[in-house]
2 protein chains.
Amino acid sequence: MSSSSSTVLSEKQVQQVDNLLTAKDDDHGGVIVEMTPEPLDSSIFVSLLRASLSHWRQQGKKGVWIKLPIELVNLVEPAVKEGFYYHHAEPKYLMLVHWIPNTVNTLPVNATHRVGIGAFVMNEKNELLVVQEKSGRFRGTGVWKLPTGVVDEGEDICDAAVREVKEETGVDTKFGEVLAFRQSHKSFFDKSDLFFVCMMHPLSFDIQKQESEIEAAQWMPLEEYAAQPFVQKHELLKYIADMCFVKKKGTYCGFSPVPTLAAFSDKKSYLYLNRQCLDSL
Amino acid sequence: MSSSSSTVLSEKQVQQVDNLLTAKDDDHGGVIVEMTPEPLDSSIFVSLLRASLSHWRQQGKKGVWIKLPIELVNLVEPAVKEGFYYHHAEPKYLMLVHWIPNTVNTLPVNATHRVGIGAFVMNEKNELLVVQEKSGRFRGTGVWKLPTGVVDEGEDICDAAVREVKEETGVDTKFGEVLAFRQSHKSFFDKSDLFFVCMMHPLSFDIQKQESEIEAAQWMPLEEYAAQPFVQKHELLKYIADMCFVKKKGTYCGFSPVPTLAAFSDKKSYLYLNRQCLDSL
């Protein structure tokens, strides 16, 4: 937004002069409005929004995104009354969207999955790094389990596994392979989960357990871990234990991370694949 | 909510009599309020909310969730003013949350990833099923690519791959293996993507392309697909093409889906693992 006036104008005055919201084009024929958290009266917002929608309609724009910081919660109701609906939200903002044309909306879907990791860390004595948790479903059950955790927004799976093992047990590790993954649904309201079982190579062995979340942590013989009734009884954990045995024999191939560049940008991203098989090419 | 009064009371009156919002306990020491989309005055809502918060505080509750249908957008601002913030949103509702205790909030994170699939479908003549898209970044580039698509909320990766191939090309397939997956970040605002390359076995061969999204579809010799300058130039696509060659030779092991029951429920979920290696146990 610019103004040729030599008078210094506040942001709000500039918006009123231009009578339009500041918007950037997106890659899909739409526009994105990122509102700054300065207070804005809802009636001024509505008149700016109406004028802007009319302008974008003339320009043939399709999707209109408005990112409203939580400080501007007073503008949520007016935006919805002008035909916007919720797309997604994070603690500090709400993303609203409106589809202008009379065609089927091709707006991208919201994130649908949370991603977690479980770490399989075995030392040279074939002992597995296991923990008992202070909270959650395993609390008080006496079950020894693999260290697990949630992948942070923007974090690589291979980095998350190293971080979680370090946080929960104090043990340093190097990422090895993804041994398997599980997809489950409706784990949190309507959202799904992807859980990656990761083999990690230990680089240190002294345990310093995390006080806040971990009741106990130890190196436990793989056989003892697998023999726990809870592990034997549950199909999923039984499979994981079986995989650990095959991995111990050295005959299991998982997926290793390979850094690659994305096709349309210079962003690095990891491709996880069966490196051993690929190298046979 | 119940009332022993013999007079018939409206829902709003009952709420006023009880002076509390209807809430269910969650599994983590918190409560969930699912508001019904009947109109509710914001001042009545605020008094119910304040009384309820005081009640939950006395009960030692931790996280308080309020699911507000978009029809009740008038209650968003009052809830935020009472200390709630956004957790997540879908087109028809906004989930607000508030953490009561003076401890670090252990609320689960929002979904962070969108999930997509690319389908590697090869016939007995070593021809690959490829498409040209009408929209998106590949539009007008002349690049032949694997059929791709987004996994719907609650949909299994293996089902999504079958559905997308059918929708885009009309070809029926049976899911084989996940050959690899890629994790990339900030693909859509701050959200990440997980993209699974899936090998599919064709069950039919006649192509009926999807009019709305697909410009062209054909069976193309694998060598011709891989020789496209765009594929050769981009690391990620080059890796995928290499994998296809190894798979063609029959020496690549991906991850196959195995149905399992979840540890704490009777919900079925798929575990994807290297079945060939596991069967060696």
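About the criteria used
Residues numbered from 1 in each chain as written. Chains lettered and ligands numbered in written order. Predicted model: local features only at pLDDT ≥ 70, side-chain atom pairs only at ≥ 80, totals over all residues. Heavy atoms only, no water. Helix = DSSP H or I, 4+ residues; strand = E, 2+ residues; numbered from the N terminus. Rg over C-alpha atoms; globule rule 2.2 N^0.38 Å. Buried < 20%, exposed > 50% of the residue type's maximum accessible area, 1.4 Å probe, protein only. Contact = heavy atoms within 4.5 Å. Areas by Shrake-Rupley, 256 points an atom, 1.4 Å probe, with all protein chains shown as cover. Least-squares fit on C-alpha atoms with pLDDT ≥ 70 in both. Phe/Tyr/Trp six-rings, centres within 6.5 Å; stacked < 30°, edge-to-face > 60°. Lys NZ or Arg CZ within 6 Å of the ring centre and 35° of its normal. Domains from an automatic or database assignment. Polar contact = N/O pair within 3.5 Å; in protein donor to acceptor, adjacent residues only side chain to side chain.

K.L.:
Give me the lowdown on the overall build of chain A, citing residues and values where you can.
P.N.:
Each helix and strand in chain A was counted, giving eight helices and 13 strands. Against the compact-globule benchmark of 19 Å for 281 residues, chain A has a radius of gyration of 26 Å, which places it well outside the compact range. Each principal axis of the C-alpha atoms in chain A carries an extent, and together these give about 75 × 50 × 40 Å. Buried positions account for 55% of the 281 residues belonging to chain A. Sequence separation of 24 or more characterises 61% of the internal contacts of chain A that already satisfy a separation of 6 or more. A total of about 12,800 Å² of accessible surface is found on chain A, and carbon and sulfur atoms cover 50% of it.

K.L.:
How would you summarise the environment of A:Phe120 if you had to cite specific residues and measurements?
P.N.:
Residue and element names in this part refer to chain A. On the secondary structure map, Phe120 appears in strand β6 (residues 113–121). Distance from Phe120 to Gly176, taken between C-alpha atoms, is 9.6 Å for residues 56 residues apart in sequence. Each residue touching Phe120, except ones within four places of it in the same chain, is listed here: Leu128, Leu146, Leu179, Cys198, Met199, Met200, Cys244 and Lys247.

K.L.:
How would you sum up the relation of the copies chain B and chain A? Please name residues and give values.
P.N.:
For the pair chain B and chain A, the best superposition has an RMSD of 0.1 Å and corresponds to a rotation of 180 degrees with a translation of 0.0 Å parallel to the axis. The superposition of one copy onto the other is thereby described by a two-fold rotation axis. The fraction of interface residues of chain B whose copies in chain A are also interface residues reaches 100%, indicating that both copies meet through the same surface.

K.L.:
Please give an account of the side chain of A:Ser269 that cites residues and values.
P.N.:
Turning to its location among the elements, A:Ser269 is positioned in strand β13 (residues 268–273). Residues in contact with A:Ser269, not counting those within four places in the same chain, are A:Val258, A:Pro259, A:Thr260, B:Arg182, B:Gln183 and B:Ser184.

K.L.:
Quick one: what's the story with the packing of aromatic side chains, residue by residue and with numbers?
P.N.:
One pass over the full model with this rule turns up 16 aromatic pairs over all chains. Ring plane angle 70 degrees and centroid distance 6.0 Å describe the contact between A:Phe181 and B:Phe181, whose orientation is recorded as edge-to-face. Of this pair, A:Phe181 sits in strand β9 (residues 173–188) while B:Phe181 sits in strand β9 (residues 173–188), on two different chains. Classification of A:Phe181 by relative accessible area gives buried; the value is 0%. Considering the side-chain rings of B:Tyr270 and B:Tyr272, the 6.3 Å spacing of their centres and the 55 degrees angle between planes classify their relative orientation as tilted. For the residue pair B:Tyr270 and B:Tyr272, the accessibility class agrees, reading buried in each case. Cluster of aromatic residues (ring-pair linked, three or more members): A:Phe175, A:Phe181, A:Phe196, A:Phe255, A:Tyr270, A:Tyr272, B:Phe175, B:Phe181, B:Phe196, B:Phe255, B:Tyr270 and B:Tyr272. Lying across the ring of A:Tyr93, A:Lys67 places its NZ or CZ 4.4 Å from the centre.

K.L.:
Residues and numbers for the domain arrangement of chain A, please.
P.N.:
Split by domain assignment, chain A resolves into domain 1 (11–99) and domain 2 (113–273). Using C-alpha coordinates to define each centre, domain 1 of chain A is positioned 42 Å away from domain 2 of chain A.

K.L.:
Give me the lowdown on unusual backbone geometry, citing residues and values where you can.
P.N.:
The backbone of A:Asn126 shows a phi angle near 60 degrees, a positive value even though the residue is not glycine. Along the chain, the position of A:Asn126 falls in the loop between β6 and β7 (127–133).

K.L.:
Describe the side chain of B:Gln183, naming the residues involved and giving the relevant values.
P.N.:
Structurally, B:Gln183 is set in strand β9. Of the polar contacts made by the side chain of B:Gln183, one reaches the backbone nitrogen of A:Ile157; its length is 2.9 Å. A distance of 3.0 Å separates polar atoms of two side chains, one belonging to B:Gln183 and the other to B:His113. With near-sequence residues (within four places) excluded, B:Gln183 lies in contact with A:Val151, A:Glu155, A:Asp156, A:Ile157, A:Ser269, A:Tyr270, A:Tyr272, B:His113, B:Asp193 and B:Leu194.

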